[in-house]
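Single-letter residue listing:
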Amino acid sequence: MTTSSFWYEDVGLEKRPPLAADAQCDLVVVGSGIAGMSSAYEAARFGWRVIVIDRAETIGGVMTPRTTAHLATELDDYYYYLIKARSEDDARLYHESQVAAVNRIETICRDEGIDADFARLEGILVPAEPAHMRDLQQEYDACRAIGVDVEWLDQAPIPLPDGTRALRFPNQGRFHPLKYIRGLIAAVEGRGGKIHGGTVYVDHQEEDGGVTIETEAGHKIRARAALFATNSPVNDKVTIHTKLVPDRTYVIAGPVPKGSVPDLLIWDTLEAYHYVRLQPLGETEDLLIVGGEDHRSGMANDMDERFAHLETWTRERFPSFQGARYRWSGQVMEPVDFMPYTGRNPGNRNIYVHTGDSGQGMTNGVAGAINFAALLFEQKAHFAELLDPARKPVAGTSLADFVSGRAEDVANLSEYLTGGDVASVDELKPGEGAIIRRGTAKIAAFRQDDGTVIERSAVCTHVGCIVHWNGLEKCWDCPCHGSQFQPDGQVINGPAIRPLAEAD
Ligand SMILES: Cc1cc2nc3c(=O)[nH]c(=O)nc-3n(C[C@H](O)[C@H](O)[C@H](O)COP(=O)(O)OP(=O)(O)OC[C@H]3O[C@@H](n4cnc5c(N)ncnc54)[C@H](O)[C@@H]3O)c2cc1C
Ligand code: FES
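Computed from a predicted structure; not experimentally measured.

1. Describing the sheet that holds strand β23 (residues 468-470)
Then, in step 1: Across the sheet, 4 strands lie side by side as β23-β24-β25-β26; this open sheet has antiparallel pairing. The strands lining the two open edges of the sheet, one partner per strand, are β23 and β26 (491-493).
Then, in step 2: Pairing analysis gives 2 bridges linking strand β24 (residues 475-477) to strand β25 (residues 484-485), with the strands arranged antiparallel. By the bridge assignment, Trp 476 is partnered in β25 with Phe 485.

Okay, here's the thing in structure tokens:
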């Protein structure tokens with residue numbers, strides 16, 4: 001991917017060498033983002049020998065360095081929706097999981113001496129238009145019903161549409177995600193854990209009392225338990241993926257004079273909502289970080305326009321914003337009923353999975369780790385049933401939205417029959433990619449800077465949807481379940497494990 005986040009530019013990611021031989025441990029974790037590293041940490045604390053492997057050479061995840069790291073206990077899809085989709089009891093318990101996650105991050109920072117710029121602050125939900133007051137009223141009522149601390153605000157930190165009010169949620173949080181991940185790496189390794197980058201999971205077997213993981217290089221890791229924390233699960237081809245939809249979201253960040261923007265989490269009520277926070281930069285400046293402009297992955301290629309919209313929106317509300325110094329994008333996995341799938345993998349005894357974070361993977365990843373540790377060490381797992389990856393979708397609003405999301409998968413199948421984006425590779429400029437039809441085949445073609453063209457099959461190696469060109473990140477996105485491939489077809493992101501095939 002071509003863009004990189006402020007966090008990455010600020011502190012970077014550490015590298016670790018690939019696994020070079022067969023190994024044995026108590027727990028193997030596949031994926032070193034917030035979910036994988038948080039879970040590895042909890043197991044290492046209990047004295048388990050942990051091995052973490054990651055496809056990337058760097059440790060810290062693919063989406064984790066692209067986050068904006070709001071630590072919100074308020075649900076971005078609204079508790080009133082969750083109550084409709086599930087129940088008041090479930091919404092109350094889910095809120096407890098988010099509170100537990102923020103508390104856990106604060107405790108780990110303190111216990112491990114991690115200076116990750118953690119701060120408690122208020123969250124403000126502002127209506128984008130007067131008609132959205134209905135949503136806010138319903139959310140207010142839902143929050144009061146389940147015991148979430150919330151109050152009305154007549155004045156908000158950004159101008160409110162006439163005749164509207166905002167909602168204020170105390171005791172939310174924010175931190176620097178990569179300073180935190182670096183702290184977790186040190187804490188896991190300090191307890192004897194091993195971490196390997198450039199080590200790709202390709203297969204596994206569960207047998208009595210354990211799991212064996214196979215890597216692309218042919219090494220085996222034998223463990224008592226395995227956790228798949230690969231953002232989009234690589235251990236399961238279909239089941240969980242029918243309950244997830246991948247969305248791409250965009251972020252700009254630029255300096256503002258210190259004190260000109262209040263240190264709050266702010267978000268609005270648009271379907272692709274704006275989300276805003278500050279990151280302290282120095283004595284005179286803060287960094288204003290603004291996200292939004294989401295769409296279904298692979299279904300838009302107008303990223304310049306989306307960044308321009310974000311910039312206009314930001315300048316209109318924060319006149320001290322001095323222009324975007326950083327621009328990046330990333331992908332979130334939207335679950336059918338607003339909550340992540342985290343816990344024992346359906347049908348397995350010693351295999352666990354974490355996915356479906358929506359836009360709240362910082363808190364969900366840590367709540368997942370709390371739940372995972374409770375299941376692993378056979379303690380009372382308060383959130384296990386609520387977040388069970390095997391839970392069934394429920395009827396209601398969420399399902400209607402979700403079915404429309406899944407309609408994209410069906411539409412994608414018809415792409416086997418349609419033409420390409422361009423008639424031939426001659427139309428491609430250096431640095432551009434496009435889908436081309438050749439006979440019955442769809443080809444993913446990319447022209448390199450030296451003028452040569454790389455051609456790969458456009459059929460995603462997960463379960464066969466046609467990939468789409470992402471002109472911003474210069475990669476191939478699969479709209480069905482979120483796989484991403486480099487221009488030469490190598491995998492960036494699961495659920496695909498294998499590269500795009502050679503073109504016929
Ligand atoms: C722009 C943006 C803004 C966001 N803002 C917020 C926010 O404000 N608050 C919030 O709570 N959440 C936010 N999120 C969501 C949150 O960042 C993500 O949900 C979270 O980072 C996902 O973490 P993860 O550990 O599941 O995945 P990742 O960080 O992607 O880690 C998964 C790892 O698995 C590895 N992997 C994949 N396949 C294999 C394989 N076959 N073998 C070995 N390793 C493999 C990958 O290389 C990767 O390193 C945001 C996301 C984005 C994109
Ligand atoms: S990610 Fe599932 S078919 Fe591409």
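We are not done yet, so read on.
2. Observations concerning the nonpolar core
Then, in step 1: Counting 86 residues, the largest nonpolar core has Leu 27, Met 37, Val 50, Tyr 79, Phe 175 and Tyr 180 as the members making the most contacts within it.
Then, in step 2: Leave out the neighbours within four places in its chain, and Tyr 180 touches Ile 34, Ile 105, Ile 108, Cys 109, Ile 114, Ala 116 and Phe 175.
Then, in step 3: Leu 19, Cys 25, Val 30 and Val 211 belong to the second-largest nonpolar core, a separate cluster that totals 25 residues.

3. Comments concerning helix α5 (residues 133-146)
Then, in step 1: Taking 1.5 Å per residue as the helical rise, α5 with its 14 residues ought to reach 20 Å, and the 20 Å between its terminal C-alpha atoms agrees with that figure.
Then, in step 2: Residues of α5 that are buried sit in contact with α3 (79-85), α4 (88-112), β6 (119-126), β7 (151-153) and β8 (166-174).
Then, in step 3: Gly 147 sits one or two residues past α5 and shows a positive phi near 85 degrees.

4. Section: the packing of helix α2 (residues 34-45) against helix α6 (residues 177-190)
Then, in step 1: Axis separation between α2 and α6 bottoms out at 9 Å; the angle between their running directions is 35 degrees. Crossing of α2 against α6: the hand is left-handed. For the pair α2 and α6, the contacting residues are Ile 34, Met 37, Ser 38, Ala 40 and Tyr 41 in the first and Tyr 180, Ile 181, Leu 184, Ile 185, Ala 187 and Val 188 in the second.
Then, in step 2: Residues that form the contact of α2 with α6 fall into these classes: 10 nonpolar, 1 polar and no charged.

5. As for the pattern of salt bridges
Then, in step 1: One pass over the full model with this rule turns up 32 salt bridges.
Then, in step 2: Arg 120 serves as the salt-bridge partner of Glu 106, at 2.7 Å between the closest nitrogen and oxygen. Of this pair, Glu 106 sits in helix α4 while Arg 120 is found in strand β6, placing the two residues 14 residues apart along the sequence.
Then, in step 3: We classify Glu 106 as partly exposed; its relative accessible area is 29%.
Then, in step 4: We classify Arg 120 as partly exposed; its relative accessible area is 29%.
Then, in step 5: Shared partners join several salt bridges into a network, and the residues in it are Glu 14, Arg 16, Arg 182 and Glu 189.

6. So, the sheet that holds strand β20 (residues 433-438)
Then, in step 1: The antiparallel open sheet is built from 3 strands, whose spatial order is β20-β21-β22. Both edges of this open sheet fall to β20 and β22 (453-457), since each of them pairs with a single strand only. The mean inter-strand angle of the sheet, taken between neighbouring strand axes irrespective of direction, is 30 degrees.

7. Some words on the packing of aromatic side chains
Between two aromatic rings, the relevant description is the distance of the centres plus the angle of the planes.
Then, in step 1: Throughout the structure, instances matching the rule amount to 17 aromatic pairs.
Then, in step 2: With a centroid separation of 6.0 Å and 20 degrees between ring planes, the pair formed by Phe 169 and Trp 267 is classed as stacked. Placement of Phe 169 in strand β8 and of Trp 267 in strand β14 (residues 265-268) is noted, with a sequence separation of 98 residues between them.
Then, in step 3: Plain terms: the ring middles of Tyr 201 and Phe 228 are 4.8 Å apart, the flat faces sit at 75 degrees to each other, and that makes the pair edge-to-face. Residue Tyr 201 is found in strand β10 (residues 201-207), and its partner Phe 228 is found in strand β12 (residues 220-228); the two are separated by 27 residues along the sequence. Both residues of the pair, Tyr 201 and Phe 228, belong to the buried class.
Then, in step 4: Here the aromatic cluster, defined as three or more aromatic residues joined through ring pairs, consists of Tyr 78, Tyr 80, Tyr 81 and Phe 338.
Then, in step 5: Positioned above the aromatic ring of Trp 152, the side-chain terminus of Arg 165 is 4.3 Å from the ring centre.

Procedures and definitions
Residues numbered from 1 in each chain as written. Chains lettered and ligands numbered in written order. Predicted model: local features only at pLDDT ≥ 70, side-chain atom pairs only at ≥ 80, totals over all residues. Heavy atoms only, no water. Pairing = 2+ DSSP bridges. Helix = DSSP H or I, 4+ residues; strand = E, 2+ residues; numbered from the N terminus. Core = buried A, V, L, I, M, F, W, Y, C linked by side-chain atoms within 4.5 Å. Buried < 20%, exposed > 50% of the residue type's maximum accessible area, 1.4 Å probe, protein only. Contact = heavy atoms within 4.5 Å. Expected span 1.5 Å × (residues − 1). Axes fitted to C-alpha atoms, helices over the stretch in contact; angles between N-to-C directions. Left-handed = near helix turned anticlockwise from the far one by under 90°. Nonpolar A, V, L, I, M, F, W, Y, C, P; charged D, E, K, R; others polar. Salt bridge = Lys/Arg side-chain N within 4 Å of Asp/Glu carboxyl O. Phe/Tyr/Trp six-rings, centres within 6.5 Å; stacked < 30°, edge-to-face > 60°. Lys NZ or Arg CZ within 6 Å of the ring centre and 35° of its normal.

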